[in-house]
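Analysis of the macromolecular model
Each chain, written out:
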Amino acid sequence: MGIISKLPAYVERVPGGGIMTTSAEKFLNWSRASSIWYMLFGLACCAIEGLMATGASRYDFDRFGMIFRASPRQADLMIVAGTLTHKMAKRVKILYDQMAEPKYVISMGGCANRGGPFYYDSYSVLKGVDKIIPVDVYIPGCPPRPESVLEACLKLQDKIKKEKLADWAASTD
Amino acid sequence: MDSEGLLKYITEEYKDKIIDSGIVGGVATIEVKPGDWESIAEYLKGDMETRFLSVSNYGAVDYREKLGGYQLVITLFSYEFNHKLTMKTLLPAEGEECPEIKTLSAVWPVADWFERETAELFGIVFVGHPDPRHLMLDEDWDGEYPMRRGWSGRDFITKPDK
Ligand code: SF4
């Protein structure tokens with residue numbers, strides 16, 4: 001990542017401290033990656049681990065600039081945590097469509113990745129959230145540890161920081 | 001009343017309606033004809049000796065291959081006497097047909113949701129049901145009943161034999 005992770009240091013060294021030298025792309029990516037607001041999408045047991053335990057003070061999502069929002073209009077990221085049934089799948093799609101670009105999806109747990117324990121002999125569970133919406137990061141586990149949820153968010157930050165402004169502009173058309 | 005006493009009382013009182021009875025797993029169990037399903041439910045609720053005011057479980061089993069139909073099973077509970085009764089009936093059905101039976105939701109309002117679930121999972125039609133919509137499955141399931149044996153559809157994946 002180079003310069004981008006050292007930004008505060010450069011700010012200090014410029015006389016006066018109020019000026020930052022960087023490219024627009026890096027600056028925008030840095031600010032976007034540092035304030036990922038995620039939408040609560042707890043569907044089953046994974047929601048307890050991934051959204052509540054990780055969001056609470058012990059694992060503390062807030063230090064990455066992640067704050068939960070209850071509305072898709074204010075969210076950048078959707079963490080699909082839990083068992084996705086066919087009935088819920090339609091609602092997930094609607095909410096995903098309502099999120100403003102650029103938007104990201106983390107698929108959390110075996111259930112959201114590929115149906116998990118409900119892969120065989122289940123009439124009601126969708127076998128993978130990526131069948132209806134694009135997924136950026138998959139977290140394995142049943143349920144994943146809060147640490148792995150944090151790791152997934154860091155991975156997503158890496159991904160955002162590598163984005164090109166031109167691609168981003170094209171995707172919002 | 002304990003299970004034996006309860007079973008003895010019920011089989012004597014309603015002997016013309018009961019086709020089979022016994023104690024299964026400590027619970028008094030009776031089997032009735034589908035035509036008597038609603039009337040015996042009313043009697044059991046109103047009878048001051050039994051007082052079954054509550055339904056603790058209500059569902060169906062697909063016995064088309066073994067017995068030639070769907071078996072409806074309802075477990076009744078009495079708060080007053082703290083006793084339980086399982087009541088069964090066999091609805092004859094072949095192939096993909098949807099058998100019909102009278103609803104119990106007029107006797108026990110709680111039976112309403114149980115019947116909606118049984119209806120959508122097994123394709124049993126409850127005649128006179130006040131609200132025969134889907135309960136659990138999504139809106140576009142039509143003519144498909146996932147708890148029937150041998151059903152496969154959507155992205156159903158059967159577990160391979162080990
Ligand atoms: S992956 Fe495991 S913990 Fe997560 S929702 Fe599925 S069953 Fe629950």
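Structure: see above.
Below: a short report on this structure. Quick caveat: nothing in here was measured; it's all calculated off a predicted structure. (Residues numbered from 1 in each chain as written. Chains lettered and ligands numbered in written order. Predicted model: local features only at pLDDT ≥ 70, side-chain atom pairs only at ≥ 80, totals over all residues. Heavy atoms only, no water.)

**A short note on the overall build of chain B**
What counts here: For the purposes of this entry, the term helix denotes a DSSP run of H or I that reaches at least four residues, the term strand denotes a run of E that reaches at least two, and both are numbered from the N terminus. The reference for a compact globule is 2.2 Å times residues^0.38; the radius of gyration itself is calculated from the C-alpha atoms. Only protein chains enter the area calculation, which uses a 1.4 Å probe; residues under 20% of their type maximum are buried, those over 50% are exposed, and those in between are partly exposed. Only the protein chains shown count as cover for residues, with accessible areas throughout obtained via the Shrake-Rupley method and a probe of 1.4 Å. When charges are tallied, Lys and Arg are placed among the positive residues and Asp and Glu among the negative ones, while His and the ends of the chain are skipped. Charge placement uses NZ in Lys and CZ in Arg. For Asp and Glu, CG and CD serve respectively.
Regarding its fold elements, chain B presents three helices and seven strands. Element order for chain B, N to C, with α for helix and β for strand: α-β-β-α-β-β-β-β-α-β. Relative to the compact-globule value of 15 Å for 162 residues, chain B shows a C-alpha radius of gyration of 17 Å, a close match. In terms of its C-alpha atoms, chain B occupies a principal-axis envelope of roughly 50 × 40 × 25 Å. Going through the 162 residues of chain B one by one, you find that 46% of them count as buried. Carbon and sulfur atoms make up 51% of the accessible area of chain B, which amounts to about 8700 Å² in all. Side chains of chain B give 18 positive and 31 negative charges; the mean places of these two sets differ by 3 Å.

**Some words on the sheet that holds strand β4 (residues 69-78) of chain B**
Residue and element names in this part refer to chain B. Condition: Criterion used throughout: strands pair if DSSP finds at least two bridges between them. Axis definition: a line fitted to C-alpha atoms, over the contacting stretch in the case of helices. Angles run 0 to 180 degrees between N-to-C directions. Residue contacts are defined here by distance: any two heavy atoms, one from each residue, within 4.5 Å place the two residues in contact.
Strand order across the open sheet formed by five strands is β1-β2-β5-β4-β3, with mixed pairing between neighbours. With partners counted over all chains shown, the strands left at the sheet margins are β1 (18-24) and β3 (54-63), one partner each. The sheet shows a mean angle of 20 degrees between the axes of neighbouring strands, taken without regard to direction. As judged from the six bridges shared by β1 and strand β2 (residues 27-32), these two strands associate in the antiparallel manner. Residue Ser 21 lies in a different strand from β2, and its bridge partner there is Ile 30. Relative to β1, helix α1 (residues 3-13) is tilted by about 175 degrees, and along the sheet it contacts β1, β2 and β5 (83-92).

**Concerning the site of the ligand**
All names here are of chain A. For clarity, the cut-off: Whether a residue is near a molecule or strand depends on its heavy atoms: if one lies within 4 Å, it is near. Under the convention adopted here, Pro, Cys and the residues Ala, Val, Leu, Ile, Met, Phe, Trp and Tyr are nonpolar, Asp, Glu, Lys and Arg are charged, and Gly plus all remaining residues are polar.
Residues in contact with the ligand, as listed here, are Ala 44, Cys 45, Cys 46, Gly 82, Thr 83, Gly 109, Gly 110, Cys 111, Pro 117, Gly 141, Cys 142 and Pro 143. When residues in the shell around the ligand are grouped by element, the largest group, three residues, is from helix α5 (residues 109-114). Tallied by class, residues from the shell around the ligand come to seven nonpolar, five polar and no charged.

**Examining helix α6 (residues 146-161) of chain A**
Because an α-helix completes one turn every 3.6 residues, residues spaced three or four positions apart along the sequence face the same direction. Residue and element names in this part refer to chain A. What counts here: What a helix is expected to span follows from its residue count: subtract one and scale by 1.5 Å. Think of the arc as the fan of directions from the helix axis to the C-beta atoms.
The first and last C-alpha atoms of α6 sit 23 Å apart over 16 residues, in line with the 22 Å expected at 1.5 Å per residue. Within α6, the full set of buried residues consists of Pro 146, Val 149, Leu 150, Ala 152, Cys 153, Leu 156, Gln 157 and Ile 160. Seen from one end, α6 has its buried residues packed into an arc of 155 degrees, which puts them on one side. The secondary structure elements touched by the buried residues of α6 are α2 (24-33), α3 (46-55), β3 (77-81), β4 (104-108) and β5 (137-139).

**Considering the pairing of β3(A)**
Residue and element names in this part refer to chain A. Stated formally: Every crossover in which the path from the first strand over the helix to the second runs clockwise, viewed with the strands pointing away from the viewer, is termed right-handed.
In terms of residue burial, β3 counts as a mostly covered element, since five of its five residues are buried. Of the two faces of β3, both are covered, the one formed by Leu 77, Ile 79 and Ala 81 as well as the one formed by Met 78 and Val 80. Pairing analysis gives five bridges linking β3 to β4, with the strands arranged parallel. If you follow Met 78 over to β4, its bridge partner there is Val 105. Handedness of the β3-helix α4 (residues 86-98)-β4 crossover: right-handed.

**Side note on the nonpolar core**
Put simply, the rule reads: We call a set of buried residues a nonpolar core when its members are Ala, Val, Leu, Ile, Met, Phe, Trp, Tyr or Cys and they connect through side-chain atoms within 4.5 Å of each other.
Residues Ile10(B) and Trp108(B) are the most contacted members of the largest nonpolar core, which totals 37 residues. Secondary structure elements with two or more residues in this core: α1, β2, α2 (37-46), β3, β4, β5 and α3 (111-122) of chain B. Apart from residues no more than four positions distant in its own chain, Ile10(B) is found in contact with Lys15(B), Ile18(B), Ile30(B), Leu44(B), Thr50(B), Phe52(B) and Leu85(B). By size, the runner-up hydrophobic cluster in this structure holds 24 residues, among which are Leu51(A), Tyr59(A), Phe64(A) and Val137(A).

**Quick word on the state of the cysteines**
Residue and element names in this part refer to chain A. Applicable threshold: Our working definition of a disulfide is a cysteine sulfur pair at a distance within 2.5 Å.
By the definition in use, this model includes zero disulfides over all chains. Free of any disulfide, Cys 153 has its nearest cysteine sulfur in Cys 46, 14 Å distant. On the accessibility criterion, Cys 153 (1% relative accessible area) is buried.

**So, the interface of chain A and chain B**
Note on interface size: it is often stated as the accessible area lost on association of the parts. To keep things clear, this is the line we draw: A simple way to read buried area is as the amount of 1.4 Å-probe accessible surface that goes missing from two parts once joined, with both sides added. A pairing counts as a salt bridge when a side-chain nitrogen of Lys or Arg comes within 4 Å of a carboxyl oxygen of Asp or Glu. Residues adjacent in sequence count toward polar contacts only when both atoms are side-chain atoms; beyond that, a polar contact is any pair of N or O atoms within 3.5 Å, and within protein one must be able to donate a hydrogen and the other to accept it.
Across the contact, 13 residues belong to chain A and 18 residues belong to chain B. With both sides pooled, the region where chain A packs onto chain B buries about 1300 Å², and carbon together with sulfur makes up 54% of that total. Looking only at chain A, the three residues that lose the most surface to chain B are Lys87(A), Tyr120(A) and Tyr123(A), adding up to 48% of its buried area. Joining chain A to chain B, the criterion identifies four salt bridges. In this structure, Lys90(A) engages Asp138(B) in a salt bridge whose closest nitrogen and oxygen atoms are separated by 3.7 Å. Our count for the contact surface shared by chain A and chain B stands at seven residue pairs in polar contact (both at pLDDT 80 or more).

**A few points about α1(B)**
Residue and element names in this part refer to chain B. Of the residues making up α1, those classed as buried are Leu 6, Leu 7, Tyr 9 and Ile 10. The buried residues of α1 occupy an angular sector of 165 degrees when the element is viewed end-on, so they sit on one face. Turned more than 90 degrees from where α1 packs its buried face, Glu 4 and Lys 8 sit exposed. Of the surrounding secondary structure, the elements contacted by the buried residues of α1 are β1, β2, α2 and β5.

**Notes on the sheet that holds β4(A)**
Residue and element names in this part refer to chain A. Within the open sheet, the five strands sit side by side as β2-β1-β3-β4-β5. Their pairing is parallel. Of all strands in the sheet, those bounded by a partner on one side alone are β2 (67-69) and β5. With strand direction ignored, the average angle separating the axes of adjacent strands in the sheet is 30 degrees. Of the strand pairs in this sheet, strand β1 (residues 37-39) and β3 are connected by two bridges, and their pairing is parallel. Its bridge partner lying in β3, Met 39 is registered against Met 78.

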